[in-house]
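Observations on chain architecture
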Amino acid sequence: MIDPAARRRRRLILAALVVVSLVLITAGFGASGGSSGGPVGALGEGASKIAKPVRDLVRWFGDTADAKGDVEDLRKEAARLRAENGDLKARESRIPQIRRLLEFDQDAALRISSMDPVTASVVGQSPTAWASTIRIDKGTSDGIEVDQPVVGPQGAGAGLVGFVTTARASSSVVTMLPTPGQSIGAKLDGRGTVLTVQGAGAGTSTDLELQYAPSSVSIRRGALVVTSGTNVDPNAPESKAPAGIPIGRITSVSKAGEDGQVGHLRPLVDLKALEVVQVLTKRVDGNRAAPRLPRTTTTTTQTTPAQPGTATPSTGTGGR
């Protein structure tokens, strides 16, 4: 058993060592100009130096988390800018098509500007073996209804694309040419004979047929086919398309020169490259062709100057 006196001596020695250590620490800090607050100040500064790496580590973790947040914000901003840039490029690519449609609208003979054309962007395509459709971003709230004709840009002008088959509040579906069972009154450009254009059949994406052409009609390769519009007969049913809208050009002729000859034509508009279209929302004069203005002839009266020494006849009456 440890002697109580020995235990007290050990405690005194331990206390003396602690005091000596504190004195030495204080003296060391005083010599280096560190602390002037005595043992307590020295201990505080020592603890501060010991804790500094811990504080630095905590601060580093905080800064790293903030930096990661900044990087994530920058990534989101870059993604937003890329999306905006893509949208601007898409709009820029549509400008030439919109310009051609606007020029097409100004054709006085077609009277397109009087048909309240609504310009729409193509937002989806659904080609199938039986029909090809596009979805546009305009609908009934913009005045669009089922069976209204749709035109698209091509070259320096525009041509018939198809007809609206489904109309919702803010979008519509357009069934494009050629579609089996969809018939359009047509004629060769510059000719008066009304014929019929319809899709050649399932599985064709570019072939239209100009049907019911008698042998008296000359169908030549490359000839332009346009819509005929409503017949001049006031009792005739109204055509869905106005007169004079280009449909396509003849590529070949079956049974040429015979009754029942068929002209094969390719749609004028590249239906797979459509980005912008116009829906003609108003019928003008029941889709009949615009009347041609009669030519006016001006009669000029040529007067012969009087020769010297000759009398000019008088137009009045008088007595002698």
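It should be emphasised that the depicted structure is a prediction, and the values quoted were computed from it without experimental measurement.

1. Concerning the overall build of the protein chain
Across its full length, the protein chain carries 2 helices and 12 strands. Its helices and strands taken in sequence order, the protein chain reads α-α-β-β-β-β-β-β-β-β-β-β-β-β from the N to the C terminus. When the 320 residues of the protein chain are sorted by exposure, 31% land in the buried category. A fraction of 59% describes how many contacts in the protein chain between residues 6 or more apart in sequence connect residues 24 or more apart. As displayed, the protein chain has an accessible area near 20,500 Å², and 56% of this comes from carbon and sulfur atoms.

2. As for the sheet that holds strand β11 (residues 261-267)
Pairing within the closed barrel is antiparallel, and its 6 strands lie in the order β6-β7-β8-β11-β10-β9. Across the sheet, the mean angle separating the axes of adjacent strands is 45 degrees when strand polarity is ignored. Bridge analysis of strand β6 (residues 183-188) against strand β7 (residues 195-199) gives 4 bridges, and the strand direction is antiparallel. Across the sheet, the residue bridging to A186 is L195, located in β7.

3. Quick word on unusual backbone geometry
Even without a glycine there, the phi angle at Y212 is positive, about 60 degrees. Mapped onto the fold, Y212 is located in strand β8 (residues 208-213).

4. Topic: the confidence of the model for the protein chain
Put simply, the protein chain has an average pLDDT of 75, and 66% of its residues get 70 or more. Taken element by element, the protein chain is modelled with least confidence in helix α1 (residues 4-31), mean pLDDT 66, and with most confidence in strand β12 (residues 276-280), mean pLDDT 93. Scored below 50 in pLDDT, residues 293-320 makes 1 contact in the model with residues more than four places away or belonging to other chains.

What counts as what
- Residues numbered from 1 in each chain as written.
- Predicted model: local features only at pLDDT ≥ 70, side-chain atom pairs only at ≥ 80, totals over all residues.
- Heavy atoms only, no water.
- Helix = DSSP H or I, 4+ residues; strand = E, 2+ residues; numbered from the N terminus.
- Buried < 20%, exposed > 50% of the residue type's maximum accessible area, 1.4 Å probe, protein only.
- Contact = heavy atoms within 4.5 Å.
- Areas by Shrake-Rupley, 256 points an atom, 1.4 Å probe, with all protein chains shown as cover.
- Pairing = 2+ DSSP bridges.
- Axes fitted to C-alpha atoms, helices over the stretch in contact; angles between N-to-C directions.
- pLDDT = per-residue confidence, 0-100.

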